[in-house]
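Results of the structural survey
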Amino acid sequence: MRLDRRTLLAGLAAASVARPARAARADGWAALSDRAAAFDQIRAMIVAVDGERRVARVFAGPALGTPVNVKSVSKTIVSALVGCAIDRGEIAGIDATIGDLAPGLIPSGADPRVADLTLENLLAMQAGLERTSGGNYGAWISSGNWVADALGRDFVTEPGGRMLYSTGSTHVLGAILSEVTDLSLLDQARQRLGGPLGIDIPPWTRDPQGRYMGGNQMALSPDAMLRFGEMYRQDGVWNGTRVIGADYVVASWQGRTRSRWSGLGYGLGWFLGRHAGADYALARGYGGQVICVAPALGLTMVITSDPDQPARSEGYFGDLMELVEEAMTLVASG
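We now turn to the structure provided with this report. (Residues numbered from 1 in each chain as written. Predicted model: local features only at pLDDT ≥ 70, side-chain atom pairs only at ≥ 80, totals over all residues. Heavy atoms only, no water.)

As for the nonpolar core
- In this structure, I176, L193, F228, M231, Y232, I244 and W270 are the most contacted members of the largest nonpolar core, which totals 72 residues.
- Among the elements that take part in this core, helix 3 (residues 73-87) stands out by supplying eight residues, more than any other.
- Non-local contacts of M231, meaning those with residues more than four positions away in its chain, are made with L193, L197, G236, V237, W238, V243 and I244. (Core = buried A, V, L, I, M, F, W, Y, C linked by side-chain atoms within 4.5 Å. Buried < 20%, exposed > 50% of the residue type's maximum accessible area, 1.4 Å probe, protein only. Helix = DSSP H or I, 4+ residues; strand = E, 2+ residues; numbered from the N terminus. Contact = heavy atoms within 4.5 Å.)

Pasting the structure below:
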């Protein structure tokens, strides 16, 4: 799914203009909240329409302001940090290569094509290298050098080809960002996202070289997740402050490939879908951690869940997608 850039910009601009809040019935939001409460794995949910909270509920676990493990929602955070680095001129663009930016990260003996992998290849899960997620995840994090292990793997498809979801690709992105900014991933997240959004970002897992993990194990509160999603909904702006360039927001939501498991499209760290006549972007983490943004509907939705239980497309994640689609329908019909 690749939307025309002009159409995307127009939609984003329209979504950022103040307009009367759509009037979905209060009983509809109550029913949505009650439906969510029936799921054993769910922990919290926030639904905001045009910036107004229609649902804000803790079902189990800590308060909405307490950071929790958002798992692979971290990949979307790292994508945002790539946008921040581009805005500052530290990276020329998503077509910059590993060889251009951080050749020292490439291990000896790696396939020569590794140097030509672009940031876009890594962001869109189209690097072509053997995955480090799924059944390969344990061996990868047990290695002595996560970056070298990820980049030293064999190519199983051509770069720019089919989607191969791999946390190692996002970890490599984090390492590249640290090389070009001279800041740890934690410092970047705190200075470039945490500060402007007014959110807390605590330290998280590091690799054997001391690099903060790119692509997993970050912690954000549901309130912080909502602000992050609202910033994207408003074209990269939060409370009048530009956090990420508008062009990067547009590029992030242009589909480049598609997940064979969920059927959703995939852009730069965002899954992409369409429902109720509107496009939506989804940050997704293991166990059922979700940030959903539907700009044309003014909708931002956050869900946190038990991070230690799986959420497969045919099971709990499918249930969550029904909640997302129900919320979109409520707004579209209001």
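Some thoughts on the sheet that holds strand 8 (residues 265-266)
- Pairing in this open sheet of eight strands is antiparallel, and the strands run 2-1-12-11-10-9-8-7 from one edge to the other. Two strands close off the open sheet at either side, each with one partner strand: strand 2 (52-58) and strand 7 (257-258).
- The pairing of strand 1 (residues 42-49) with strand 2 spans six bridges and is antiparallel. Its bridge partner being in strand 2, A48 is matched across the sheet by R53.
- Sheet strands touched by helix 2 (residues 26-37): strand 1, strand 2 and strand 12 (299-305). Its angle to strand 1, the strand with the most contacts, is close to 160 degrees.
- Strand contacts of helix 12 (residues 316-333): strand 1, strand 9 (271-275), strand 10 (278-285), strand 11 (289-294) and strand 12, with the helix running at about 155 degrees to strand 12, the strand carrying the most contacts. (Pairing = 2+ DSSP bridges. Axes fitted to C-alpha atoms, helices over the stretch in contact; angles between N-to-C directions.)

A closer look at the environment of D235
- Position of D235 relative to the elements: it lies in the loop between helix 10 (222-233) and strand 5 (237-238).
- What makes D235 buried here is its relative accessible area of 15%.
- As for D235 and P295, which are separated by 60 residues in sequence, their C-alpha atoms are 8.9 Å apart.

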